[in-house]
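# Coordinate inspection notes
For reference, the chains in residue letters:
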Amino acid sequence: SAVISQKPSRDICQRGTSLTIQCQVDSQVTMMFWYRQQPGQSLTLIATANQGSEATYESGFVIDKFPISRPNLTFSTLTVSNMSPEDSSIYLCSVEVAGERETQYFGPGTRLLVL
Amino acid sequence: AQKVTQAQTEISVVEKEDVTLDCVYETRDTTYYLFWYKQPPSGELVFLIRRNSFDEQNEISGRYSWNFQKSTSSFNFTITASQVVDSAVYFCALKSGGSYIPTFGRGTSLIVHP
């Protein structure tokens, strides 16, 4: 498994602003992902964070709205840009660990409320 | 295409009752993986178990047990003698076809009353 931390754990933001969420893992991982979980809903994959190259976005998500960085094998950031109340969600970082390629482990999540 | 169905939206039980959470999956692949995750009110998604399609052996871990049946495409999760701390949303997930992206069910909210 892996120990994953996210910052901030929660935030309340104003419409039109941007928030950057950080994800730190305690060991090198093969893959890192960002998910969104809207209130009362299941998880939706936003993108796969690729180390040293542009992230791979899922349908319905674009880089201008959700820019992602992954400068090394243990760290990634997700920015939620030009926020609206519809962006209020839990944002979860997840990883796959070498040797456990089939299992995704999740961070504690970032609860975002946009007013 | 792959699909996971958790038909139970919410289950409410009294402490010490046994409870079973249902998960039915669909996939055309012969190699696939099934998972259960727990999401307590804090929001973190906690990995509970992974099962691959070649291993139908049921598993028990303390008060938790899992029943994997390929014949009915089900991977059900039973909590024995439930406790208030078991209150959470439980997600079943499926990964197949060489994809690194799991498909999650809609989740079942379990409420255990004291």
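What you see as residue numbers is a count from 1 along each chain, following the sequence as written. In the order they appear in the text, chains get letters beginning with A and ligands get numbers beginning with 1. Confidence filtering applies because this is a predicted model: local features only for residues at pLDDT of at least 70, side-chain atom pairs given and counted only at 80 or more, and all residues used for totals across whole chains, interfaces and linings. Values shown for side chains rest on all heavy atoms present in the structure; no hydrogens or waters enter the calculation.

Further remarks concern the interface of chain B and chain A. Here a residue-residue contact requires only that any non-hydrogen atoms of the pair lie within 4.5 Å. Listed as interface residues are 19 residues of chain B and, on the opposing side, 23 residues of chain A. Joining two parts hides part of their accessible area as seen by a 1.4 Å probe, and the buried area is that hidden amount summed over both. Carbon and sulfur atoms supply 52% of the area that chain B and chain A bury against each other, a total of about 1,700 Å² over both sides. Among the residues of chain B in contact with chain A, B:Leu45, B:Tyr100 and B:Phe104 are the three that bury the most area, contributing 29% of the side total. In the sections that follow, a salt bridge refers to a side-chain nitrogen of Lys or Arg positioned within 4 Å of a carboxyl oxygen of Asp or Glu. Inspection of the region where chain B meets chain A yields 2 salt bridges. One salt bridge in this structure joins A:Glu102 and B:Lys95, with 3.7 Å as the shortest N-O distance. Polar contacts here mean pairs of N or O atoms no more than 3.5 Å apart (in protein, one a potential hydrogen donor and the other a potential acceptor; neighbouring residues in sequence count only if both atoms are side-chain atoms). One can count 7 residue pairs in polar contact (both at pLDDT 80 or more) joining chain B with chain A.

The subject of this paragraph is the state of the cysteines. The disulfide criterion is simple: two cysteine sulfur atoms within 2.5 Å. Tallying each qualifying case throughout the model produces 2 disulfides over all chains. The disulfide partner of A:Cys23 is A:Cys93, and the S-S distance across this bridge is 2.0 Å. On the sign convention where negative means left-handed, the S-S torsion of about -65° between A:Cys23 and A:Cys93 marks this disulfide as left-handed. Highlighted residues: A:Cys23 in strand S3 (residues 19–25) and A:Cys93 in strand S9 (residues 89–97), separated in sequence by 70 residues. In this pair, the class of A:Cys23 matches that of A:Cys93, namely buried. Across the disulfide from B:Cys23 sits B:Cys92; the S-S distance is 1.9 Å. On the S-S bond that ties B:Cys23 to B:Cys92, the torsion sits near -65°, and the link is left-handed. With B:Cys23 in the loop between strand S3 (19–21) and strand S4 (24–26) and B:Cys92 in strand S10 (residues 88–96), the pair connects residues that are 69 residues apart, well separated along the chain. Across this residue pair, the class does not change: B:Cys23 and B:Cys92 are buried. The secondary structure listing takes helices from DSSP runs of H or I that are at least 4 residues long and strands from runs of E that are at least 2 residues long, numbered from the N terminus. In this scheme, a residue with accessible area under 20% of its type's maximum is buried, one over 50% is exposed, and one in between is partly exposed, where area comes from a 1.4 Å probe on protein chains only.

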